[in-house]
Amino acid sequence: MKKTYIRDTNGNLWGRPGMGRESKYLLTGLGRCACCGSNITMLGGRSGVPGKRKPTYYYGCSYHRNRGQTVCTNDHKEQLDVLDSAVLEAIEQQILTPEAVTYTVEKALEIVQEQLRSDPDQIPRLQAEQAKLRAELDRFMTLIATGKAPDAILEQITQREERIKHLDTELERLGTAGTGNELDHIRLRKALEGRIGRFKELVCSDVPLARQALRKLLVEPIEFRPVVLNGRKTYSFEGKTRIGALLDPGYIAMASPRGVEPLCEGI
């Protein structure tokens, strides 16, 4: 779990690992049936002539599979790779656009600057906490050197080191965005754009990492509705995303342009 969970370039987790293993299928648990509200899940099957049948994987409504037509009328199954590709393509073309990225970065700068205006003592307060923690670490190291350290001291050291790292990140964010220096803002903008750019790489990587990236991006599960397009039964899908959640914790839940960005597509 720890090896596959998303980390940034500094090794910090983007989120908390789940209690179980990640699904092998991209949209399982991240999509729901528009007809009954249950999960869209992987439905296995076999295709080909007798004696040469091969496994074929589809997405479909879990309620229809388990409880039948009387519970949910959605009997459509779509090939797994077709639906995966359609969702990822829609996200890249409709959500992760240069305009949306620019808006989110500018909004991030505005939020930080407003935080500093409403709480001008925030940076000195964080610096004071940081200095206190460093002093405590120095005392702990002295105890260890003299052989008087309690058994639990290593845990105490780890907690303080983690907090200092968090304060370093927060102070850098506040200091850079609050300076009003255009060069600093350009650097911050590039850093944030780089993180969003990494998301594009993640969604094309191994399924466990792609699922974690999608989980941060989606406000709620994508809704899949069976439709007929060009004489063929297929799925249309719709969902809501927030690309601000892909930035660091200080920016979580900031929306892209027009608030929460809709994801709509038919395949």
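Look a little higher up for the structure.
Read on for an overview of the structure.

Of the pairings in the sheet, the one linking strand β5 (residues 222-229) to strand β6 (residues 232-241) comprises seven bridges and is antiparallel in character. Each residue of the ladder has a partner; that of Glu-223, found in β6, is Glu-238. The hairpin turn running from β5 into β6, its antiparallel successor, is two residues long, and Asn-230 in that turn takes a positive phi close to 55 degrees.

Further remarks concern the environment of Leu-80. Here Leu-80 is to be found in helix α2 (residues 80-94). Taking C-alpha positions, Leu-80 is 5.6 Å from Tyr-57, a pair spaced 23 residues apart along the chain. In this structure Leu-80 touches Tyr-25, Met-42, Tyr-57, Tyr-58 and Tyr-59, once residues within four positions along its chain are discounted.

This part takes up helix α3 (residues 98-118). Given a rise of 1.5 Å per residue, 21 residues ought to cover 30 Å, and the 30 Å separating the end C-alpha atoms of α3 matches this to within 8%. Inspection of α3 places Ala-100, Val-101, Thr-104, Val-105, Ala-108, Leu-109, Val-112 and Leu-116 among the buried residues, and these make up the whole buried set.

What the rule picks out here adds up to three aromatic pairs. Ring geometry for Tyr-25 against Tyr-57: centres 6.1 Å apart, planes inclined by 35 degrees, an arrangement best described as tilted. Placement of the pair is Tyr-25 in the segment before β1 (31-33) and Tyr-57 in strand β3 (residues 54-61), with a sequence separation of 32 residues. In this structure Tyr-25 comes out as buried when scored by relative accessible area, which is 18%. Here the aromatic rings of Phe-224 and Phe-237 are separated by 5.7 Å at their centres, their planes lie at 45 degrees, and the arrangement is tilted. Linking Phe-224 in strand β5 with Phe-237 in strand β6, this pair joins segments that are 13 residues apart in sequence. As far as burial versus exposure is concerned, Phe-224 and Phe-237 are alike and both buried. Connected via pairs of aromatic rings, a cluster forms that spans Phe-224, Tyr-235 and Phe-237. Of note, Arg-67 hangs over the ring of Tyr-63, and the distance from its end group to the ring centre comes to 4.3 Å.

About the criteria used
- Residues numbered from 1 in each chain as written.
- Predicted model: local features only at pLDDT ≥ 70, side-chain atom pairs only at ≥ 80, totals over all residues.
- Heavy atoms only, no water.
- Pairing = 2+ DSSP bridges.
- Helix = DSSP H or I, 4+ residues; strand = E, 2+ residues; numbered from the N terminus.
- Contact = heavy atoms within 4.5 Å.
- Expected span 1.5 Å × (residues − 1).
- Buried < 20%, exposed > 50% of the residue type's maximum accessible area, 1.4 Å probe, protein only.
- Phe/Tyr/Trp six-rings, centres within 6.5 Å; stacked < 30°, edge-to-face > 60°.
- Lys NZ or Arg CZ within 6 Å of the ring centre and 35° of its normal.

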